[in-house]
Structure formats: structure tokens, C-alpha cells
Amino acid sequence: MIHDSYQRPLRDLRISVTDRCNFRCTYCMPEEIFGKDYPFLPREEILSFEEIERTVRLLVPLGVKKIRISGGEPLLRKDIPTLIQSLSRIEGIEDIALTTNGTMLKRLSKDLKEAGLQRVNVSLDTLDDRVFHRLNSRHHSVRDVLEGIEAAASEGIQVKVNMVVQKGVNDQDILPMARHFRDTDHILRFIEFMDVGNYNEWNMEKVITKQEILDLIHKEMPLEPADPRYFGEVASRFTYKGTDKEIGIISSVTDTFCGSCTRARLSANGQMYTCLFATGGHDIKRLLRSDATDLEVKEHIASIWNGRTDRYSEERGGGDRKNGKRRKKIEMSYIGG
Ligand code: SAM
Ligand code: SF4
Ligand code: SF4
């Protein structure tokens with residue numbers, strides 16, 4: 001097992017399998033920037049399933065146990081169940097999950113389940129189609145996502161629903177979302193709007209904080225705090241009083257998690273990032289496509305992790321917190337959130 005310069009082990013790997021998406025969420029891939037002329041990665045730049053599998057195999061002895069598949073929209077990647085199946089067979093991988101906008105779950109849930117997928121996080125920011133069309137996609141509807149959620153659940157895949165909350169955009173949807181998902185088996189998690197990427201015009205005034213979300217829900221549906229399930233869990237958990245129904249809040253702006261951050265990220269084009277807010281990555285693809293041996297690739301990745309000093313959200317404070325734009329960051333759609 002390896003540790004970085006703050007003694008944090010490497011435990012989780014997020015793999016982005018494509019930089020493309022069928023949505024244009026304003027906070028992630030705004031249409032004005034990610035239009036039809038946007039230079040998406042050409043096919044040959046994208047890691048093959050074999051390259052991804054090799055990387056994961058080499059990372060297991062370094063400590064990786066958990067994998068999350070993301071994107072862009074990961075279900076757009078052709079034959080994605082095949083990748084999940086091969087990763088789920090790697091000894092030492094204890095958990096595989098996937099983050100998706102949900103629109104293709106209806107079609108793919110059965111194959112994903114058969115391939116070994118246990119958990120999905122589905123992103124849904126509103127139950128109101130008018131908001132959804134403005135915020136996420138003009139070409140889809142809330143119903144597509146809800147049907148995807150039910151398709152996954154009916155295959156026995158555990159579903160969590162993630163809602164990114166922005167002031168003046170979808171904060172009016174907090175209570176309807178809470179009410180709706182309280183009556184289901186799916187845990188709803190609210191995510192503070194983050195200053196990722198370079199184009200979403202983030203500023204602190206657009207953030208609805210964890211405390212504001214809690215106060216709002218608690219007034220109507222009293223909540224009580226629940227213990228974290230494991231060390232380093234980023235969502236704070238709450239249950240509706242007197243029930244075991246749960247919500248989570250990911251306070252990625254008002255709290256910091258750097259001290260327990262054990263996540264590395266692999267972009268679709270084979271760059272390794274050691275922080276969500278990184279400005280640059282480490283080129284693993286070049287090594288994978290050279291005649292480097294497994295040992296050489298593994299040692300290279302170990303040295304990247306050993307040298308890791310990232311603690312962006314602890315350092316963010318002050319001026320950066322106001323505009324979040326001080327430096328050029330990697331786009332969320334490249335590294336999968
Ligand atoms: N397309 C998939 C989806 O939307 O679930 C996977 C990729 S998406 C980049 C991963 C997660 O990042 C989603 O839950 C999305 O809501 C979240 N996300 C993207 N931009 C964000 C931002 N600026 N602040 C907070 N969360 C964000
Ligand atoms: Fe696509 Fe997910 Fe980004 Fe929305 S958040 S644009 S669905 S990658
Ligand atoms: Fe991890 Fe970077 Fe987020 Fe800190 S800011 S928790 S180091 S991803």
C-alpha cells in the first residue's frame with residue numbers, strides 16, 4: 001500500500017470512460033462552450049478497455065479497492081457492461097459503482113447487473129421538466145431519468161440520487177425532491193454547487209449550503225444525524241426522525257475532506273489526476289502504449305501518488321472562494337466528478 005505526502009493512502013479510482021455526454025448541464029458542460037464544434041477526444045486518444053483493465057490490475061497492489069465509472073456520460077461508451085464485467089473479476093476490487101444521468105439505464109440495467117454492477121448514482125436536479133430542460137437537457141425529460149432509476153432498482157442495483165443545488169436555479173426543488181424520494185428506497189443526496197472546471201460561472205452566492213438545505217427540510221420533515229458508514233465518507237447522513245429513511249448532503253464547498261481524500265482519477269484519455277480541482281494530470285496512456293513493463297508502470301503511478309500534495313478545498317478559502325477561478329482547472333466532464 002502507498003501513501004502520499006500527507007500520509008493518505010490510495011483506495012479509490014474514478015475512471016472517466018468518455019468525455020462526451022447527451023446532456024448539457026449548465027454547471028458542467030454549458031452548451032455555449034460544448035457546442036458542435038467542441039474538440040471532443042478522438043477515438044484513438046481514449047483508453048481501450050484493455051488499457052483500463054491493466055491500469056486497475058496494477059493499482060490493486062497499491063491499495064485500490066473501489067472503482068467508480070463516470071464520464072461524460074459513461075453509458076454512452078459502447079459495450080460498457082463488458083468493461084464492468086472484466087473489472088469486477090479483478091481480485092481485490094471490492095466495490096464497483098457508476099455515476100450516470102440515468103437516461104440509458106432503461107436499456108442497459110439488465111446487462112449492467114449481469115456484468116456485476118452493484119450500485120449506481122443517478123444525477124437528477126429537479127422533478128420539474130421546465131427546470132430540467134433549462135438546466136440539464138432540452139432533449140430529455142424528468143420521466144426518462146425516473147424510469148431509468150426504476151429500471152436499475154428493479155434489477156436489484158442499489159440507487160442513490162444526486163441533486164446539485166444552485167441558488168435561484170433549482171433550490172425550489174429541494175423539498176419536492178425530498179418528499180418524492182422519502183417514499184422510495186433510493187437515498188437522495190444534495191450536493192453543494194462546486195467551483196469545478198472553468199465555465200460554470202461559479203460564485204459563492206450561487207451556493208446553497210448544507211446548513212440551509214438541512215434547515216429547509218428539517219422544518220417540514222424533522223431530521224436527525226446518522227453516523228458515517230465508513231472512514232472518509234463524504235456525504236453527511238441524516239434520517240427522517242423515527243424512520244430509517246435517509247438523505248445525504250455533500251458539502252464540498254462549506255466543509256473540507258482533503259484530510260481523508262484517498263481518490264485518484266483517470267481521465268478518458270489516460271491522464272491521472274490526484275485532485276478534482278487539479279490543473280494538470282500525469283500521462284499514463286503514453287506509458288501504457290510504450291514498451292514499459294507492468295512493474296515500471298506501477299512504480300510510476302506509485303511515485304505520482306507518493307508525491308501528491310493536493311488539498312484544494314482546504315486552501316480554497318478567502319478570495320478563491322468568491323470567484324473560484326484563479327487558475328485553469330480540468331473540466332468535470334473529463335474526470336467524472
Ligand atoms: N454524466 C454523469 C452524471 O451526470 O451523473 C456522470 C458524470 S458527472 C460529471 C458526475 C457528477 O458530477 C454528477 O452527479 C454531477 O451532478 C456532478 N457535477 C458536475 N458539475 C458539478 C458542479 N459544478 N458542482 C457539483 N457537482 C457537479
Ligand atoms: Fe453530462 Fe453529467 Fe456533466 Fe450533466 S453532469 S453535462 S449529465 S457529464
Ligand atoms: Fe480530494 Fe482535492 Fe477534493 Fe481535497 S479538494 S477532497 S484533495 S479532490
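From a predicted model like this one, the values you see are computed outputs, not experimental measurements. Counting restarts for each chain: residues are numbered from 1 in the order of the written sequence. Each chain is given a letter, starting from A, and each ligand a number, starting from 1, according to the order in which they appear as written. At least 70 in pLDDT is required for a residue's local features to be given in this predicted model, at least 80 for side-chain atom pairs to be given and counted, and no such filter applies to totals for whole chains, interfaces and linings, which use all residues. Excluding hydrogens and water, the side-chain figures rest on all heavy atoms present in the structure.

Asks: Even after reading the chapter, I still don't get the overall build of the protein, so can you show me in this structure?
Replies: Numbering of helices and strands starts at the N terminus; helices are DSSP runs of H or I of at least 4 residues and strands are runs of E of at least 2. Looking only at helices and strands, the protein features twelve helices and twelve strands. For the radius of gyration, the atoms used are the C-alpha atoms, and the globule rule reads 2.2 Å times the number of residues raised to 0.38. Relative to its length of 337 residues, the protein is compact, with a C-alpha radius of gyration of 19 Å against a globular reference of 20 Å. With the C-alpha coordinates aligned to their principal axes, the bounding extent of the protein is approximately 60 × 45 × 45 Å. Throughout, exposure labels follow a simple rule: accessible area from a 1.4 Å probe, protein chains only, divided by the maximum for the residue type, with under 20% read as buried, over 50% as exposed, and the rest as partly exposed. The proportion of buried residues among the 337 residues of the protein is 57%. Any two residues whose heavy atoms approach within 4.5 Å at even a single point are treated as in contact. Of the contacts formed within the protein by residues at least 6 apart in sequence, a portion of 73% connects residues at least 24 apart. With the model as given, the accessible surface of the protein reaches about 15,200 Å², and the carbon-plus-sulfur share is 48%. The charge count includes Lys and Arg as positive and Asp and Glu as negative, but it does not include His or the ends of the chains. Think of each charge as sitting on NZ of Lys, CZ of Arg, CG of Asp or CD of Glu. Averaging the positions of the 52 positive and the 52 negative side-chain charges in the protein gives two centres separated by 1 Å. The accessible surface values rely on the Shrake-Rupley method and a 1.4 Å probe; as for residues, cover is taken only from the protein chains in view.

Asks: Looking at this structure, how should I read the UniProt feature "domain: Radical SAM core" (unreviewed entry) in the protein?
Replies: UniProt positions are given in the numbering used here, feature names are shortened, and annotations may be inferred rather than shown by experiment. Mapped onto this structure's residue numbering, the UniProt feature "domain: Radical SAM core" (unreviewed entry) falls at residues 5–224. As annotated, residues 5–224 comprises 32% helix and 17% strand, and the C-alpha atoms at either end are separated by 36 Å.

Asks: Would you mind going over the sheet that holds strand E7 (residues 223–226) with me for this structure?
Replies: By way of backbone hydrogen bonds, the strands of a sheet pair with one another, either parallel or antiparallel. Spatially, twelve strands are ordered E7-E8-E9-E6-E5-E4-E3-E2-E1-E10-E11-E12 in an open sheet, and the strand pairing comes out mixed. The open sheet is flanked by E7 and strand E12 (282–283), the only strands paired with a single partner. In this structure, strand E3 (residues 95–100) lies alongside strand E4 (residues 119–123), joined through four bridges in parallel fashion. Each bridged residue has a counterpart across the sheet, and for Ala-97 the counterpart in E4 is Arg-119. Here, a strand pair is defined by DSSP locating no fewer than two bridges between the strands.

Asks: Please explain helix H3 (residues 105–115) as it appears in this structure.
Replies: In an α-helix there are 3.6 residues to a turn, and that puts residues three or four apart on one side. When we look at burial in H3, the residues that qualify are Leu-105, Leu-108, Ser-109, Leu-112 and Ala-115. End-on, the buried residues of H3 take up no more than an arc of 135 degrees, which puts them together on one face. Counted as exposed and oriented over 90 degrees from the buried face of H3: Lys-106, Arg-107 and Glu-114. The directions considered for the arc run from the helix axis to the C-beta atoms.

Asks: Before we go on, may I ask you to explain the packing of helix H1 (residues 49–59) against helix H2 (residues 80–88) in this structure?
Replies: In a pair of packed helices, the angle between the axes and the distance between the axes together describe the arrangement. Look at H1 against H2: their axes get within 10 Å of each other, and the N-to-C directions meet at 25 degrees. Taken together, H1 and H2 sit at an angle that is classed as roughly parallel. The element H1 and its partner H2 pack so that their crossing is right-handed. Contact with H1, carried on its side by Phe-49, Ile-52, Glu-53 and Val-56, involves Ile-80, Thr-82, Leu-83, Ser-86 and Leu-87 of H2 and no other residues of that element. Axis angles are defined between N-to-C directions and span 0 to 180 degrees, where every axis is a line fitted to C-alpha atoms and, for a helix, only to the segment in contact. In what follows, roughly perpendicular refers to angles from 65 to 115 degrees, roughly parallel to angles under 35, roughly antiparallel to angles over 145, and oblique to any angle outside these ranges. For any helix crossing, the convention is left-handed if the near helix is rotated counterclockwise from the far helix by under a right angle, and right-handed if that rotation is clockwise.

Asks: Would you take a moment to explain the UniProt feature "binding site: [4Fe-4S] cluster 2" (unreviewed entry) in the protein for this structure?
Replies: Feature annotation in UniProt places "binding site: [4Fe-4S] cluster 2" (unreviewed entry) on Cys-258, Cys-261 and Cys-275, given in this structure's numbering. Annotated residues spanning 18 residues; largest pairwise C-alpha distance 9.3 Å, indicating a single compact cluster. Tracing the chain through its elements places Cys-258 in the loop between strand E9 (246–250) and strand E10 (263–266). Each residue touching Cys-258, except ones within four places of it in the same chain, is listed here: Arg-8, Arg-311, Tyr-312, Ser-313 and Glu-314. Structurally, Cys-261 is set in the loop between E9 and E10. By relative accessible area, which is 13% here, Cys-261 ends up buried. Residue contacts for Cys-261: discarding those within four places in its chain leaves Arg-8, Trp-305 and Arg-308.

Asks: Looking at this model, I keep getting lost on the packing of aromatic side chains. Mind explaining?
Replies: Aromatic ring pairs: the centre-centre distance and the angle between the two ring planes describe each pair. Only the six-membered ring of Trp is used, alongside the rings of Phe and Tyr, when aromatic pairs are assigned; centres must lie within 6.5 Å, and planes under 30 degrees apart are stacked while those over 60 apart are edge-to-face, with the rest tilted. By the definition in use, this model includes five aromatic pairs. Ring centres of Tyr-38 and Phe-40 lie 4.9 Å apart, and the angle between their planes is 65 degrees; this geometry places the pair in the edge-to-face category. With centroids separated by 4.3 Å and ring planes inclined at 15 degrees, the aromatic side chains of Phe-277 and Tyr-312 adopt a geometry described as stacked. With Phe-277 in the loop between strand E11 (271–273) and E12 and Tyr-312 in helix H10 (residues 312–315), the pair connects residues that are 35 residues apart, well separated along the chain. According to the relative accessible area criterion, Tyr-312 is buried, its value standing at 7%. Each residue in the set Phe-34, Tyr-38 and Phe-40 is aromatic and connected to the rest through ring pairs, giving one cluster. Positioned above the aromatic ring of Tyr-230 is the side chain of Lys-66, whose terminal nitrogen or guanidinium carbon lies 4.4 Å from the ring centre. The cationic tip of Arg-182 hangs over the ring face of Tyr-240; the distance from NZ or CZ to the ring centre is 5.5 Å. The criterion is that NZ of a Lys, or CZ of an Arg, lies within 6 Å of the ring centre and within 35 degrees of the ring normal, and then a charge sits over that ring.

Asks: Can you help me understand the site of ligand 2 in this one?
Replies: Residue proximity to a molecule or strand is established when one non-hydrogen atom of the residue lies within 4 Å of it. Around ligand 2, the neighbouring residues are Cys-21, Phe-23, Cys-25, Cys-28, Met-29, Gly-72 and Asn-101. Grouping the amino acids of the shell around ligand 2 by side-chain chemistry returns five nonpolar, two polar and no charged. All residues other than Ala, Val, Leu, Ile, Met, Phe, Trp, Tyr, Cys, Pro, Asp, Glu, Lys and Arg, Gly among them, are scored as polar; the first ten of these are nonpolar and the last four charged.

Asks: Where do I start with the pattern of salt bridges in this structure?
Replies: Once their charged atoms are close, side chains differing in charge can pair, the charge on each being opposite to the other. Should a side-chain nitrogen of Lys or Arg be within 4 Å of a carboxyl oxygen of Asp or Glu, the pair is scored as a salt bridge. For the structure on display, the rule yields 23 salt bridges. Here Glu-114 ties to Lys-110 by a salt bridge, and the two come within 3.2 Å at their closest N and O atoms. Of this pair, Glu-114 and Lys-110 both sit in helix H3, separated by four residues, roughly a single helical turn. Note on Lys-110: relative accessible area 47%, which makes it partly exposed. For Glu-314, the salt bridge is made with Arg-311, and the minimal N-O distance between the two is 2.9 Å. Residue classification places Arg-311 among the partly exposed residues on the basis of a relative accessible area of 27%. Overlapping salt bridges bring together Asp-4, Arg-8, Arg-308 and Asp-310 as one network.

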